[in-house]
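The primary structure of each chain is shown beneath.
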Amino acid sequence: MFRNVLGKTFRFLGYTVQYGCIAHCAFEYLGGIVVCSGPSMEPTIQNSDIVFSENLSRHLYCIRKGDIVIVKSPNDPKSNICKRVIGLEGDKVCTSNPSDFLKSHSYVPKGHVWLEGDNLRNSTDSRCYGPVPYGLIRGRICFKVSLMLSSNCTCQKR
């Protein structure tokens, strides 16, 4: 009896560890659902929009200019940020704010990317903290999930 219970317990633990490893690999390498917050990517991504982020691009070094990425924040490693890739290593980028009269430029160093929010006037991005190491990229946004939730939805018969 005791062996039977012990055997079932170890079998259950073995399956739990296996499925935990599979789930970890899926979220680490394939991707996942992300809820975006803040105004920095408006109008492209609104506050509380739900997006799908795929992670293979970062592992295969397939991130391109114009991609929207999820990145570990350089200022707060416990949080993620959502920004658009403006420049890759070796690119010349404008490092000044849109309202500045004199524009300054810089080159993105090797192993880094230049990130900016679409809402330039309300975004903390590479113009504040400089180029971001490629290793901080967590994933690339593939698409926005659109939920049709409306309390005043009316159906009409035809």
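Here's a quick rundown of the structure. For clarity, every value in this text was computed on a predicted model and none was experimentally measured. (Residues numbered from 1 in each chain as written. Predicted model: local features only at pLDDT ≥ 70, side-chain atom pairs only at ≥ 80, totals over all residues. Heavy atoms only, no water.)

### Topic: the environment of I50
Working step 1: Structurally, I50 is set in strand β2 (residues 50–54).
Working step 2: Look at I50 and you get partly exposed, because its relative accessible area is 22%.
Working step 3: Each C-alpha atom, one on I50 and one on V5, is 44 Å from the other, the two residues being 45 residues apart in sequence. (Helix = DSSP H or I, 4+ residues; strand = E, 2+ residues; numbered from the N terminus. Buried < 20%, exposed > 50% of the residue type's maximum accessible area, 1.4 Å probe, protein only.)

### Overview of the pattern of salt bridges
Working step 1: Applying the stated criterion across every chain yields a total of five salt bridges.
Working step 2: Residue R140 is joined to E54 by a salt bridge in which the shortest nitrogen-to-oxygen separation is 2.9 Å. Remark: E54 occurs in strand β2 and R140 occurs in strand β9 (residues 137–145); sequence separation between them is 86 residues.
Working step 3: The shortest N-O distance in the salt bridge between D118 and R84 comes to 2.8 Å. Taken together, the positions of D118 in the loop between β7 (112–116) and α3 (126–129) and R84 in strand β4 (residues 80–87) put the pair 34 residues apart, joining distant regions of the chain.
Working step 4: What makes D118 partly exposed here is its relative accessible area of 24%. (Salt bridge = Lys/Arg side-chain N within 4 Å of Asp/Glu carboxyl O.)

### Some remarks on the layout of surface pockets
To locate leftover empty space, one rolls a probe as large as a water molecule over the atoms.
Working step 1: Considered as a void within the structure, the largest pocket measures approximately 250 Å³ in volume.
Working step 2: Sorting the residues of the lining of the largest pocket by element identifies β1 (31–35) and β4 as the ones contributing at least two each.
Working step 3: Ranked by the residues each element gives to the lining of the largest pocket, the list is headed by β4, at four residues.
Working step 4: Broken down by class, the residue content of the lining of the largest pocket amounts to nine nonpolar, seven polar and one charged.
Working step 5: In this structure, the second largest pocket spans a volume of roughly 210 Å³.
Working step 6: Those elements giving two or more residues to the lining of the second largest pocket turn out to be α1 (2–30), β1 and β3 (68–72).
Working step 7: Ranked by residue count, the leading element in the lining of the second largest pocket is β1, at four residues.
Working step 8: Tallied by class, residues from the lining of the second largest pocket come to four nonpolar, five polar and four charged. (1 Å grid on protein atoms, 1.4 Å probe; cavity = no way out; pocket = protein on both sides within 12 Å on 5 of 7 lines; lining within 4 Å. Points joined across faces, edges and corners; volume = space filled by probe spheres on them. Nonpolar A, V, L, I, M, F, W, Y, C, P; charged D, E, K, R; others polar.)

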